[in-house]
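# Structural description and commentary
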Amino acid sequence: MHCDALIIGGGPAGLAAAIALRQKGVEVLVADALRPPIDKACGEGLMPDAREDLAALGIATHHGAPFEGIAFLAGHRQAAAHFERGSGIGIRRLQLHELLVERCRELGVRLAWGTRVHIAPHEPLSIDGRVCTYRYAIGADGQSSRMRLAMGLGQGKIFSRRFGARCHYRVKPWSRMVEVHWGDLGQAYVTPVGEEEVCVATVARSPAVRMEAVLAGLPALRERLQGATVLSTMRGALTTTRKLRRVTAGNIALAGDASGSADAVTGEGIGLSFRHALLLAEAIAVDNLDIYQAGHPVIQRMPHLMSRVMLRMDAWPRTRERVMT
Ligand SMILES: Cc1cc2nc3c(=O)[nH]c(=O)nc-3n(C[C@H](O)[C@H](O)[C@H](O)COP(=O)(O)OP(=O)(O)OC[C@H]3O[C@@H](n4cnc5c(N)ncnc54)[C@H](O)[C@@H]3O)c2cc1C
């Protein structure tokens, strides 16, 4: 089995990379162990930059529900940050995945669903026992990336490890902001994702803290959700702030969460993967992965900084009080 670019993982990072590469004329095969549409625990908010990148990938951004900034709420304290330009969108993860898959099909990306790529150190990549050959391989295989391990990069440096969950409720969004509610056990953030629908994601330090426990400590939010129909099964996922020494080795590159991440509360994960995709395509188009290696830390810088600030606010209630009036 041969292709120009083999992408391992068909989540947002893998599909965005496939689209960006096809737009540059590269022939691409994406393999994912799961079948579409692929769901995942996510706050489902795309910041204005991510929305612009989505448009650069050829996907219209009128889907979902727009939001104008982020509001932070802790008890009676509040602070709001409006976007200086543009607006974000809240979009169901399943819908985003469908849009990305549709765009891949339109561009002629080869898609192999239900196909696990065998990844092991010092062994060639293979599918169903058949060795894959490629000009470039891209590991877009998520938080627990085996590609990262196979490249000898280990786990990288992990600054935070928290546990997230998400659920959808049928209720008219009561704000045009994404609301981040701070409680003693963790944060809950609410993203409007439709005219009558919000996504609620919670993040906590301990895996033992369930979504209900975080919500129990947030009476104002609980009241908003009182009596609303629950529209989805709850899903959980790990979220980390992770930095890697390198994201390329020879003709292999990592993208999306596999290549490092910022805590979920920043709402930047998907946007980061779009930026990785666009830069990676630039680099591969001129056969020079050094461009990607050099630009990747620049992309990560601001979300990592935001992550540190948010985690400090999480750990230190007094810092939180000082930030919110
Ligand atoms: C609670 C929570 C809330 C979040 N909220 C937001 C938010 O509001 N906004 C935002 O932008 N981001 C948010 N994020 C982050 C965002 O969800 C991730 O950054 C994003 O999913 C990363 O995409 P990815 O494609 O890198 O990884 P994934 O979505 O994990 O995709 C990886 C894919 O690789 C496949 N795979 C793995 N191994 C193999 C293999 N060997 N062979 C074939 N396929 C394989 C998997 O099946 C999977 O489909 C949140 C995360 C959490 C946990």
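Quick note: structure is the one above.
Summary of the structure given here. (Residues numbered from 1 in each chain as written. Predicted model: local features only at pLDDT ≥ 70, side-chain atom pairs only at ≥ 80, totals over all residues. Heavy atoms only, no water.)

## What about the sheet that holds strand E8 (residues 110-113)?
Within the open sheet, the 6 strands sit side by side as E8-E2-E1-E12-E20-E19. Their pairing is mixed. Unpaired on one side and paired on the other, E8 and strand E19 (248-249) mark the two borders of the sheet. Pairing analysis gives 3 bridges linking strand E12 (residues 133-139) to strand E20 (residues 252-254), with the strands arranged parallel. Residue pairing across strands places isoleucine 138 opposite alanine 253, the latter belonging to E20. The sheet strands contacting helix H8 (residues 289-315) are E12, E19 and E20, and the helix crosses E20 at an angle near 25 degrees. (Pairing = 2+ DSSP bridges. Helix = DSSP H or I, 4+ residues; strand = E, 2+ residues; numbered from the N terminus. Contact = heavy atoms within 4.5 Å. Axes fitted to C-alpha atoms, helices over the stretch in contact; angles between N-to-C directions.)

## Observations regarding the environment of alanine 50
Mapping alanine 50 onto the fold places it in helix H2 (residues 48-56). Along the primary structure alanine 50 and isoleucine 89 are separated by 39 residues, whereas in three dimensions their C-alpha atoms are 9.1 Å apart. Other than its neighbours up to four places away in sequence, alanine 50 contacts Gly271 and Phe274.

## Looking at empty space enclosed by the protein
Enumeration according to the criterion identifies 1 cavity of 30 Å³ or more in this entry. Approximately 50 Å³ is the volume attributed to the largest cavity. Together, Pro173, Trp174, Ser175, Met177, Glu179, Val190, Thr191, Pro192 and Val198 line the largest cavity. It is strand E15 (residues 186-194) that contributes the most residues to the lining of the largest cavity, 3 residues altogether. Of the residues that constitute the lining of the largest cavity, the class distribution is 6 nonpolar, 2 polar and 1 charged. (1 Å grid on protein atoms, 1.4 Å probe; cavity = no way out; pocket = protein on both sides within 12 Å on 5 of 7 lines; lining within 4 Å. Points joined across faces, edges and corners; volume = space filled by probe spheres on them. Nonpolar A, V, L, I, M, F, W, Y, C, P; charged D, E, K, R; others polar.)

## Here we look at the site of the ligand
Residues in close proximity to the ligand total 37 residues, the closest being Asp32, Gly43, Arg93, Asp257 and Ile270. Between the ligand and the protein, one listed contact pairs an oxygen atom with a side-chain N or O atom of arginine 93 at 2.8 Å. Separating an oxygen atom of the ligand from a backbone N or O atom of glycine 269 is a distance of 3.3 Å. The protein chains hide 92% of the 1,000 Å² of surface that the ligand would expose on its own. Elements that contribute at least two residues to the shell around the ligand include exactly helix H1 (12-23), strand E2 (28-32), strand E13 (157-170), strand E18 (235-243) and helix H7 (269-285). No other element matches the 3 residues that H7 contributes to the shell around the ligand. Here the shell around the ligand is composed, by residue class, of 18 nonpolar, 11 polar and 8 charged. (Near = heavy atom within 4 Å. Polar contact = N/O pair within 3.5 Å; in protein donor to acceptor, adjacent residues only side chain to side chain. Areas by Shrake-Rupley, 256 points an atom, 1.4 Å probe, with all protein chains shown as cover.)

## Topic: the environment of isoleucine 299
Structurally, isoleucine 299 can be placed in helix H8. Distance in space between the C-alpha atoms of isoleucine 299 and leucine 289 is 15 Å, their sequence separation being 10 residues. Not counting residues within four places of it along the chain, the set of residues in contact with isoleucine 299 comprises Leu272, Arg275, His276 and Leu279.

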